[in-house]
Amino acid sequence: MNTEEIKHLAKLSCLEISTEQTNQISKELENILSLVAELQSVDTKGVEPLFHPISMIQALNQPLRQDIVSETDNRSNNMLSAPISHEGLYLVPKVIE
Amino acid sequence: MKWHEKSLTELAKALQTKEVSSTELTHYFLKRIAEMKGLNAFLDVQEDLSLQEAKHADELISSGKAGFLTGIPIAHKDVFVTKSWKSTAASKMLENYISPFDARVVELLGQNGAGMVCLGKTNMDEFAMGSSNENSAFGPALNPWNSAFVSGGSSGGSAVAVAAGLTPIATGTDTGGSIRQPASFCGITGIKPTYGTISRYGMIAYASSLDQAGPMGKSAEDCALLLNLLSGQDPRDSTSLKAQEIDFTSLLGKTWVENADLPLKGLKIGIPEEYFAQGLDAKVRETVQNALKKFEELGATCISVSLPKTKLSIPVYYVLAPAEASSNLSRYDGVRYGYRAKEYKDLNQMYERTRSEGFGSEVKRRILIGSYVLSQGYYDAYYLQALKIRRIIAQDFQKSFETCDVLMGPVAPKVAWKIGEKSKDPVEMYLEDIYTLSPNLAGLPAMSIPCGQSQDGLPIGLQIIGNYFSEAKMLQIADHFQKNTNWHLQTPNLQSVEGAL
């Protein structure tokens with residue numbers, strides 16, 4: 001994996017990777033990718049992907065609930081763990097110039 | 001009285017007959033936790049809160065409103081969110097996080113449920129990613145059998161807490177072996193039930209199609225008692241399945257076939273040949289084979305079966321789990337909760353720095369791999385291909401269950417390794433998961449029970465894999481083994497550990 005690829009991957013993952021870390025990370029990822037390369041050796045023609053083990057057990061159906069309020073307003077409690085907040089709002093750096 | 005050596009049933013009887021109060025029991029275990037702090041099994045202990053819960057339990061017992069396990073202490077893996085204890089998933093990202101709600105598992109067992117007493121939150125690999133507990137941002141939980149060795153992971157803290165007698169029982173979660181492998185390394189019993197048996201509501205997500213909670217305790221009987229309280233459909237987890245209308249203790253003590261002269265006569269145990277192939281440590285092989293002989297003495301028959309894709313479960317898992325993780329962990333952005341970087345020049349840099357500083361290296365590796373296998377151009381070759389092989393793995397299990405009732409083999413190729421020994425090479429650690437990953441991929445129940453020790457006195461576990469919804473039978477089988485052996489009664493010599501800490 002070259003530096004460009006690592007940079008692209010870091011961007012997709014929303015992670016910052018310094019130039020010094022790039023070599024190390026590229027080596028580790030390559031090791032993992034060569035481990036998973038073995039997947040290509042299997043003939044899976046005609047096999048449906050198994051997204052979810054439940055479909056091995058029973059038909060997948062998304063249960064729906066009645067459209068009624070089930071949760072009470074918990075705004076102040078929910079915001080207690082916010083790193084920075086102000087008057088019930090989350091504060092973030094300027095988004096629109 | 002050595003309360004830490006008692007079974008849940010013995011504790012329940014002592015509470016009912018007022019031989020001991022929940023407050024006394026809670027004091028007793030909190031004291032042991034404090035004495036054994038060096039094992040690093042717990043990440044958060046709030047003595048006052050535990051004692052408040054104990055007081056409430058004592059009132060329920062006095063007024064005759066108690067359930068069977070009311071007043072018995074329990075420890076929760078730190079992956080379950082709690083209103084009163086910190087919920088960190090052993091990550092710097094959530095170092096001081098307090099949840100506004102309790103996980104379903106915590107709710108079911110706590111004050112408004114079964115009335116068990118929470119002793120605190122146990123250590124784990126960060127976001128449940130790891131097989132040694134070394135990925136915890138707060139240092140590894142140490143193996144009580146020898147503190148120079150890993151506890152296993154990711155539910156290492158829960159396994160250590162049970163093995164060292166710091167709690168009668170604990171909760172854990174298992175995405176690729178995270179209940180079974182630490183149970184095996186620490187010499188305790190743990191079961192991951194069928195996917196969908198226990199609600200994932202409030203369980204900090206790693207790989208949602210694989211994650212499943214389960215009990216970790218001293219015996220199959222204890223695990224069955226806790227599983228009774230934990231299982232059931234929850235409208236807040238759309239993947240939780242309709243409650244199995246079954247008492248998981250109902251088959252305990254019963255013979256496999258009615259009126260048989262031997263307890264397990266008629267039981268057919270499938271032995272997957274791939275689980276005994278190259279790479280399995282000689283002592284682990286011998287120990288597991290001795291356990292199988294014991295099952296034969298109890299009346300069971302062993303037959304050879306094949307799970308041809310066993311080796312491939314490693315690449316399949318290490319594509320699917322990171323893929324799901326990369327999506328699940330996108331929620332940590334430093335806005336609504338958790339860590340936020342101190343210095344940044346704009347929103348994007350705030351996100352990136354927050355995540356780079358807040359996550360540990362294994363978590364970042366898995367996010368990167370997940371992003372890679374889901375990205376344009378690689379999705380079909382990696383992600384979809386892995387999902388197709390996942391179906392073949394699940395079908396192979398069904399084929400083997402046509403000829404046998406349960407499967408048995410080792411939990412891990414080796415016993416616990418020395419701390420630091422494998423932490424430099426992630427792939428080397430991934431390979432250790434070979435026997436535990438497949439049941440998660442298929443959604444099958446699987447458990448670990450102690451069956452022996454290495455030359456150095458480190459525990460060895462036997463894995464039992466059952467078909468969907470066969471937990472009661474698996475527990476029945478494990479219980480017969482435990483009634484006829486004493487491996488599950490072995491306890492570590494904590495004086496020697498204490499000296500080393």
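Before reading further, recall that the structure is shown in the block above.
Residues numbered from 1 in each chain as written. Chains lettered and ligands numbered in written order. Predicted model: local features only at pLDDT ≥ 70, side-chain atom pairs only at ≥ 80, totals over all residues. Heavy atoms only, no water.

Student: Please explain the overall build of chain A as it appears in this structure.
Tutor: Of the regular secondary structure elements, chain A holds four helices and two strands. Each helix and strand of chain A, ordered N terminal to C terminal, gives the series α-α-α-α-β-β. Here the C-alpha radius of gyration of chain A, 23 Å, is well above what a compact globule of 97 residues would show, namely 13 Å. Along the first, second and third principal axes, the C-alpha set of chain A runs to 55 × 50 × 25 Å. Relative to its 97 residues, chain A shows a buried fraction of 30%. A total accessible area of about 7,300 Å² is found for chain A, and carbon and sulfur atoms account for 51% of it. (Helix = DSSP H or I, 4+ residues; strand = E, 2+ residues; numbered from the N terminus. Rg over C-alpha atoms; globule rule 2.2 N^0.38 Å. Buried < 20%, exposed > 50% of the residue type's maximum accessible area, 1.4 Å probe, protein only. Areas by Shrake-Rupley, 256 points an atom, 1.4 Å probe, with all protein chains shown as cover.)

Student: So what exactly am I meant to see when it comes to the interface of chain B and chain A here?
Tutor: Where the parts come together, the accessible area they lose is often given as the size of the interface. Contacts between the two partners involve 66 residues from chain B, matched on the other side by 49 residues from chain A. Here chain B and chain A share an interface that buries about 5,200 Å² over both sides, 70% of which is from carbon and sulfur atoms. When the buried area of chain B at its contact with chain A is split by residue, B:R340, B:L368 and B:R391 rank highest and sum to 13% of it. Applying the counting criterion to the chain B and chain A interface returns two salt bridges. (Contact = heavy atoms within 4.5 Å. Buried area = accessible area lost by both parts, 1.4 Å probe. Salt bridge = Lys/Arg side-chain N within 4 Å of Asp/Glu carboxyl O.)

Student: Sorry, what's going on with unusual backbone geometry here?
Tutor: Leave glycine aside and you will find that most residues have negative phi; peptide bonds, for their part, are mostly trans. With an omega of 10 degrees, the peptide bond running from B:G153 to B:S154 counts as cis. A positive phi angle, near 45 degrees, is found at A:E87, a position not held by glycine. Looking at where A:E87 falls in the secondary structure, it is placed in the loop between β1 (85-86) and β2 (89-90). Among the residues examined, A:E87 registers a relative accessible area of 72% and is labelled exposed. Despite not being glycine, B:A89 shows a phi value in the positive range, around 50 degrees. Tracing the backbone shows B:A89 in the loop between β2 (73-77) and α4 (104-109).

Student: Which parts of the structure should I look at to understand the packing of aromatic side chains?
Tutor: Centre distance and the angle of the planes are the two values used to describe a pair of aromatic rings. Residue and element names in this part refer to chain B. For the structure on display, the rule yields 16 aromatic pairs over all chains. Judged by centre distance (3.8 Å) and plane angle (10 degrees), the ring pair of Y318 and Y430 falls under stacked. Remark: Y430 occurs in helix α13 (residues 426-431) and Y318 occurs in helix α9 (residues 313-328); sequence separation between them is 112 residues. The pair Y318 / Y430 is uniform in exposure class, with both members buried. Its end group placed over the ring of Y201, R236 keeps NZ or CZ at 4.0 Å from the ring centre. The lysine or arginine in question, K422, covers the ring of W417, its NZ or CZ lying 5.4 Å from the ring centre. (Phe/Tyr/Trp six-rings, centres within 6.5 Å; stacked < 30°, edge-to-face > 60°. Lys NZ or Arg CZ within 6 Å of the ring centre and 35° of its normal.)

Student: Would you explain the nonpolar core in this entry?
Tutor: The nonpolar side chains of a soluble globular protein tend to be buried, and buried together. Core analysis: the biggest nonpolar cluster contains 174 residues, and B:F127 and B:L475 have the highest contact counts within it. Excluding residues that lie within four positions of it along the chain, B:F127 makes contacts with B:A89, B:S91, B:M93, B:L94, B:I204, B:Y206, B:L329, B:Y332, B:F359 and B:V363. (Core = buried A, V, L, I, M, F, W, Y, C linked by side-chain atoms within 4.5 Å.)

Student: Help me understand the environment of A:T3 in this model?
Tutor: Of note, A:T3 is situated in helix α1 (residues 3-13). Through-space distance from the C-alpha of A:T3 to that of A:T19 is 8.3 Å; in sequence the pair is 16 residues apart.

Student: Which parts of the structure should I look at to understand helix α12 (residues 379-400) of chain B?
Tutor: Helix length check: α12(B) (22 residues) gives 31 Å between terminal C-alpha atoms against 32 Å at 1.5 Å per residue, within 8%. When the local axis directions of α12(B) are compared, the greatest deviation, roughly 30 degrees, occurs at B:Q385. (Expected span 1.5 Å × (residues − 1). Bend = angle between axes of the 7 residues up to and from the residue.)

Student: Whenever I open this one, the pairing of strand β4 (residues 170-174) of chain B confuses me. Can you help?
Tutor: A regular strand carries its side chains on alternate faces of the sheet. Residues and elements named next belong to chain B. The element β4 is extensively covered by neighbouring structure, given that five of its five residues are classed as buried. Burial of the side chains of β4 extends over both faces: A170, G172 and D174 are buried on one face and T171 and T173 on the other. Pairing of β4 with strand β6 (residues 212-217) involves five bridges; the strand directions are antiparallel. Each bridged residue has a counterpart across the sheet, and for T171 the counterpart in β6 is P215. (Pairing = 2+ DSSP bridges.)

Student: Whenever I open this one, the side chain of B:R32 confuses me. Can you help?
Tutor: Residues and elements named next belong to chain B. For R32, the location among the structural elements is in helix α2 (residues 22-35). Buried R32, no salt bridge; nearest opposite-charge side chain is E35, N-O distance 5.4 Å. Not counting the four nearest positions on each side in its chain, R32 is found in contact with H4, A164, G165, L166 and L494. (Lys, Arg positive; Asp, Glu negative; His and termini not counted.)

Student: Got a minute to help me understand the pattern of salt bridges in this structure?
Tutor: A pair can form between side chains of opposite charge whenever their charged atoms are brought close. Residues and elements named next belong to chain B. Taken as a whole and assessed by the stated rule, the structure comprises 20 salt bridges over all chains. A salt bridge links D78 to K121; its shortest N-O distance comes to 2.9 Å. Note that D78 is positioned in the loop between β2 and α4 and K121 in strand β3 (residues 117-122), a separation of 43 residues in sequence. For D78, a relative accessible area of 1% puts it in the buried group. Put simply, K422 and E428 hold a salt bridge, and the shortest N to O gap is 3.5 Å.

Student: Explain helix α1 (residues 8-16) of chain B to me, please; I cannot follow it from the model alone.
Tutor: Given 3.6 residues per helical turn, the α-helix brings residues three or four places apart onto the same face. All names here are of chain B. Of all the residues in α1, the buried ones are L8, T9, L11, A12, A14 and L15. Tucked inside the fold, the buried residues of α1 contact α2, α3 (47-62) and α7 (220-230). Note on α1: the residue one or two positions beyond its end, K18, has a positive phi of about 65 degrees.

Student: When you look at the pairing of β2(B) in this model, what are you seeing that I'm missing?
Tutor: A large share of β2(B) lies buried, amounting to five of its five residues. Taken together, β2(B), α4(B) and β3(B) constitute a β-α-β crossover, and its handedness is right-handed. (Right-handed = clockwise from strand over helix to strand, strands pointing away.)

Student: Sorry if this is basic, but what is going on with the environment of B:Q455 here?
Tutor: All names here are of chain B. Tracing the backbone through its elements, the reader meets Q455 in the loop between β10 (446-453) and β11 (459-466). Overall, the relative accessible area of 67% leaves Q455 in the exposed class. In this structure the C-alpha to C-alpha distance between Q455 and L307, which are 148 residues apart in sequence, comes to 30 Å.

Student: What is the right way to read the packing of α1(A) against helix α11 (residues 361-374) of chain B from this model?
Tutor: Packed helices, taken two at a time, are described by their axes: the angle between them and the distance between them. The contact between α1(A) and α11(B) brings their axes to 9 Å, and the two run at 100 degrees. Classed by the angle they form, the pair α1(A) and α11(B) counts as roughly perpendicular. Contacts between α1(A) and α11(B) involve A:L9, A:A10, A:L12 and A:S13 from the first element and B:I367, B:L368, B:S371 and B:Y372 from the second. Of the residues that constitute the contact of α1(A) with α11(B), the class distribution is six nonpolar, two polar and no charged. (Axes fitted to C-alpha atoms, helices over the stretch in contact; angles between N-to-C directions. Parallel < 35°, antiparallel > 145°, perpendicular 65-115°, else oblique. Nonpolar A, V, L, I, M, F, W, Y, C, P; charged D, E, K, R; others polar.)

Student: I keep staring at a nonpolar patch on the surface and nothing clicks. Help me out?
Tutor: On the surface, A:F51, B:L374 and B:Y379 cluster together into a nonpolar patch covering about 240 Å² of accessible area. Note that A:F51 resides in the loop between α2 (19-36) and α3 (54-57). (Patch = residues over 30% accessible without salt bridge, like charges linked within 9 Å, V, L, I, M, F, W, Y side chains within 5 Å.)

Student: How should I be thinking about the packing of α2(B) against α3(B) in this particular structure?
Tutor: All names here are of chain B. Packing of α2 against α3 brings their axes to within 8 Å, and their N-to-C directions diverge by 155 degrees. With respect to each other, α2 and α3 are oriented roughly antiparallel. As for how α2 packs across α3, the hand of that crossing is right-handed. In this structure, α2 uses S22, T23, T26, H27 and L30 to contact α3, whose residues at the interface are E47, S50, L51, A54, K55, A57 and D58. Its residues assigned to classes, the contact of α2 with α3 comprises four nonpolar, five polar and three charged. (Left-handed = near helix turned anticlockwise from the far one by under 90°.)

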